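Structural features, examined
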Amino acid sequence: MLVIRRDLVDAMVAHAREDHPDEACGVLAGPEGSDRPERFIPMTNAARSPTFYQFDSMEQLRLHRELEANDEVPVVIYHSHTATEAYPSRTDVNIAAEPGAHYVLVSTRDPQEHEFRSYRIVDGAVTEEPVEIVDAYDASIERFMLSNTGPDDVPDCR
Ligand SMILES: [Zn+2]
């Protein structure tokens, strides 16, 4: 399951719309071990293709160093499909090298409505996962705490 902030979803969709009809790609970085995407990092599609994406190799190298220095990992790796559904292609599966990442696909084939889906890709096997979009990560933690506060937890004032 991918829990993700709404502004990050909006940023990926906007990037996908901007680069349409070519595929857009990028990464959402987050603290190592958190599974929480926090930082939007759009990348250049070096292939500049409507059917394929490839991170620019210099950018990718720089990104790798930056993440290492910040103790961050690519929590989400996203790209767009501009004429087909938001499902990983055979090529996408072949180049998926991060078994711990959420692979997000945005389809811009419909000019009005976008598709937004997330997958795990491990050893060539694709598994779709549910996506929960939240306004803030803190809010979902608060909800969790509230749901665990029963009458027994109310302090007795008398
Ligand atoms: Zn693709």
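Now for a quick tour of the structure.

Reading the values: the criteria
Residues numbered from 1 in each chain as written. Predicted model: local features only at pLDDT ≥ 70, side-chain atom pairs only at ≥ 80, totals over all residues. Heavy atoms only, no water. Donors = N, O, S within 2.8 Å, 3.2 Å for Na, K, Ca; no water. Tetrahedral: all angles 85-135°; square planar, octahedral: opposite > 155°, others 65-115°. Helix = DSSP H or I, 4+ residues; strand = E, 2+ residues; numbered from the N terminus. Buried < 20%, exposed > 50% of the residue type's maximum accessible area, 1.4 Å probe, protein only. Pairing = 2+ DSSP bridges. Axes fitted to C-alpha atoms, helices over the stretch in contact; angles between N-to-C directions. Contact = heavy atoms within 4.5 Å. Polar contact = N/O pair within 3.5 Å; in protein donor to acceptor, adjacent residues only side chain to side chain. Core = buried A, V, L, I, M, F, W, Y, C linked by side-chain atoms within 4.5 Å.

At this site the zinc ion is bound by His79 (NE2), His81 (NE2), Asp92 (OD) and Asp92 (OD), with donor distances of 2.0 to 2.6 Å. One can describe the site at the zinc ion as irregular: its 4 donor atoms subtend angles covering 54 to 156° at the metal. The sequence pattern describing where the donors of the zinc ion fall on their chain is H-x1-H-x10-D. Of this pair, His81 sits in strand 4 (residues 72-81) while Asp92 sits in helix 3 (residues 90-95), and the two are 11 residues apart along the sequence. A relative accessible area of 4% places His81 in the buried class.

Strand order in the open sheet made by the 6 strands is 3-2-4-5-6-7, with mixed pairing throughout. Either end of the sheet is taken by a strand with one partner, and the two such strands are strand 3 (39-43) and strand 7 (125-129). With strand direction ignored, the average angle separating the axes of adjacent strands in the sheet is 30°. Contacts from helix 1 (residues 6-19) reach strand 2 (25-31), strand 3, strand 4, strand 5 (102-107) and strand 6 (115-122), with the element oriented near 10° to strand 3.

Let's shift gears to the side chain of His102. Its location among the elements puts His102 in strand 5. A polar atom in the side chain of His102 sits 3.4 Å from the side chain of Arg120. Not counting residues within four places of it along the chain, the set of residues in contact with His102 comprises Met1, Leu2, Asp35, Val75, Val76, Ile77, Ser118, Tyr119, Arg120 and Glu129.

We now examine the environment of Met1. Of note, Met1 is situated in the segment before strand 1 (2-5). Sequence spacing of Met1 and Tyr119 is 118 residues, and the spatial spacing of their C-alpha atoms is 8.8 Å. If we skip the residues at most four places from it in the chain, Met1 touches Asp35, His102, Glu129, Pro130 and Glu132.

What follows is about the nonpolar core. Ranked by internal contacts, the top residues of the largest apolar core, which has 18 residues, are Ile41, Met43, Phe55, Leu63, Ile77, Tyr103 and Ile121. When contributions to this core are tallied by element, the ones reaching two or more residues are strand 2, strand 3, helix 2 (57-70), strand 5 and strand 6. Here the element with the most residues in this core is strand 2; it accounts for 3 residues. Not counting residues within four places of it along the chain, the set of residues in contact with Ile77 comprises Gly26, Val27, Tyr53, Phe55, Glu98, Ala101, His102, Tyr103 and Val104. If you look at the next biggest cluster of nonpolar residues, it comprises 16 residues, including Leu8, Val106, Phe116 and Val134.

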